[in-house]
Amino acid sequence: MYLSGSVPKITTHVLQEMKLKGEKIAMLTAYDYSMAKILDESGIDVILVGDSASNVMAGHKTTLPITLNEMIYHASSVMRAVTRSLVVVDMPFGTYQGNSKEALQSAIRIMKESGANAVKIEGGEEIKESVDRILSAGIPILAHLGLTPQSINKFGTYGVRAKDEREADKLRQDAKILEDAGCFGIVLEKIPSKLAAEVTQMVRIPTIGIGAGNQVDGQVLVLHDMLGINQSFSPRFLRRYHNLYNEIHDSVVHYIGDVKSKNFPSDSEQY
Ligand code: KIV
C-alpha cells in the first residue's frame, strides 16, 4: 500500500496541498466495486469513473454513447468500495453542453445518486456557463483540455492536440478561464509536454496529465490499458504494468481443460 502522509481521506484541498508541496498525484480509472476496492486499498489518490467505461466496459468505439444512468451505475458501484480516494465522475456527452440548467441537473443527479465527490467535464470557454452553474451548487469540477474524446467527431483523430500555436494559445486561455471559474484541477490529455509544463506553471490548481509528459502535477491512466487487459491500444504514453489479458486467457484455458478432462472438481472440492 502507498499512502501519501497520514491523510485519512483525499479531498480537493489535499490535492491543492500536494501541488504546493510538489508531491505528485496518482489517478486511475475504475468502473466497478471490485477494482475500486483494490485501487483504494492500494493508496491511489484519485479514482476517475471515466466515460472510457463506454469503450472498456461496454465495447463502444467512442465515449459518446454512454448515458447518465450508466455513469451513475458505475459511480455508485465504485463508491460502495471506496473509503479514502477522491472519486471523480465523468459527465457523459450531451449532459452539460449547450444548456447550463440541464448541466446542473445532470451534475446533481451524479452527486446525489452515486455519492461521488466531484465531476469532470471536457472543454473550455464554450462550456463556461455550465461550469459556473455547477460550481454555484458546491459541486467540485475537474476540467479536461487537450484531446477531449467526446469531440472525436470534430477532431477526426485521436492524435496529439495543440501542436500549432493557435490551438496551444486557446488551451492556455481555457486553462486560465477554468482556474478563475473555480475548477479544482485540469486533466491535460495528449498535448506536447512543453505546453503541459507551461500550463502547470501558469495555474495554481493541479494539472493531471495523460500523454502530457512529466512536468505536470499528476498522472492518470485507464486501468484496463495499464493492466494490459486491453491489448489493442498501445499509444506511446501508455506504460503497461501487467499483461492481464494473457494471465486471464491462460487461466480460462486451464479451467476449460480441467472441466473437460473431469479433473475439476476433485474429491476435496466437493461436499
Ligand atoms: O474517461 C477517461 O478515462 C478519461 C481519462 C482518459 C482522463 O477521461
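Residues numbered from 1 in each chain as written. Predicted model: local features only at pLDDT ≥ 70, side-chain atom pairs only at ≥ 80, totals over all residues. Heavy atoms only, no water.

Trainee: Let's hear about the pattern of salt bridges: which residues, and what values?
Mentor: For the structure on display, the rule yields 14 salt bridges. When the shortest N-O distance is used, the salt bridge between lysine 19 and aspartate 217 registers 2.8 Å. Linking lysine 19 in helix H1 (residues 12-21) with aspartate 217 in the loop between strand E7 (207-210) and strand E8 (218-221), this pair joins segments that are 198 residues apart in sequence. A relative accessible area of 15% means that lysine 19 is categorised as buried. (Salt bridge = Lys/Arg side-chain N within 4 Å of Asp/Glu carboxyl O. Helix = DSSP H or I, 4+ residues; strand = E, 2+ residues; numbered from the N terminus. Buried < 20%, exposed > 50% of the residue type's maximum accessible area, 1.4 Å probe, protein only.)

Trainee: Quick rundown of the nonpolar core? Include the residues and the values.
Mentor: Counting residues in hydrophobic clusters, the biggest one holds 61 residues, and the most contacted among them are Ile47, Val87, Ile134 and Leu188. For this core, the element with the most residues is helix H4 (residues 68-79), which contributes six residues. Membership of the second largest hydrophobic core comes to 17 residues, among which are Met18, Ile25, Val187 and Val220. (Core = buried A, V, L, I, M, F, W, Y, C linked by side-chain atoms within 4.5 Å.)

Trainee: Explain H1 to me, and be specific about the residues and the numbers.
Mentor: Listed as buried for H1 are Thr12, Val14, Leu15, Met18 and Lys19. When H1 is viewed along its axis, its buried side chains cluster within an angular range of 155° and face the same direction. Counted as exposed and oriented over 90 degrees from the buried face of H1: His13, Leu20 and Lys21. Buried residues along H1 sit against strand E1 (25-29), strand E2 (46-49), strand E3 (86-90) and helix H9 (193-202). One or two positions beyond H1, positive phi appears at glycine 22, with a value near 80°. (Arc of directions from axis to C-beta. Contact = heavy atoms within 4.5 Å.)

Trainee: Requested: an account of the domain arrangement of the protein, with residues and values cited.
Mentor: Each assigned domain of the protein is listed here: domain 1 (3-240) and domain 2 (243-271). Distance between the C-alpha centres of domain 1 and domain 2: 38 Å. Contacts between domain 1 and domain 2 engage four residues on the former and four residues on the latter. For the domain 1 and domain 2 pair, buried surface summed over both sides reaches about 360 Å², with 55% attributable to carbon and sulfur atoms. When residues of domain 1 are sorted by the area they lose upon contact with domain 2, Leu227, Ile229 and Gln231 head the list and together hold 83% of the total. On inspection of domain 1 and its partner domain 2, the count reaches zero salt bridges. In the side of domain 1 that touches domain 2, the residues fall into two nonpolar, two polar and no charged. (Domains from an automatic or database assignment. Buried area = accessible area lost by both parts, 1.4 Å probe. Nonpolar A, V, L, I, M, F, W, Y, C, P; charged D, E, K, R; others polar.)

Trainee: Give a description of the sheet that holds strand E6 (residues 185-189) that names residues and reports values.
Mentor: Reading around the barrel, the eight strands line up as E1-E2-E3-E4-E5-E6-E7-E8 and close back on themselves, with parallel pairing between neighbours. Taking the axes of each pair of neighbouring strands and ignoring which way they run, one obtains an average angle of 25° across the sheet. Relative to E8, E1 runs parallel, the two being bridged by four bridges. In the sheet register, alanine 26 faces E8, and the bridge partner there is glutamine 219. (Pairing = 2+ DSSP bridges. Axes fitted to C-alpha atoms, helices over the stretch in contact; angles between N-to-C directions.)

Trainee: Provide a residue-level description of the layout of surface pockets, including the pertinent values.
Mentor: Reported here for the largest pocket is a volume of approximately 700 Å³. For the lining of the largest pocket, the secondary structure elements donating two or more residues are E1, E7 and E8. Of the residues in the lining of the largest pocket, the class split is 14 nonpolar, six polar and five charged. Its volume calculated, the second largest pocket comes out at about 600 Å³. (1 Å grid on protein atoms, 1.4 Å probe; cavity = no way out; pocket = protein on both sides within 12 Å on 5 of 7 lines; lining within 4 Å. Points joined across faces, edges and corners; volume = space filled by probe spheres on them.)

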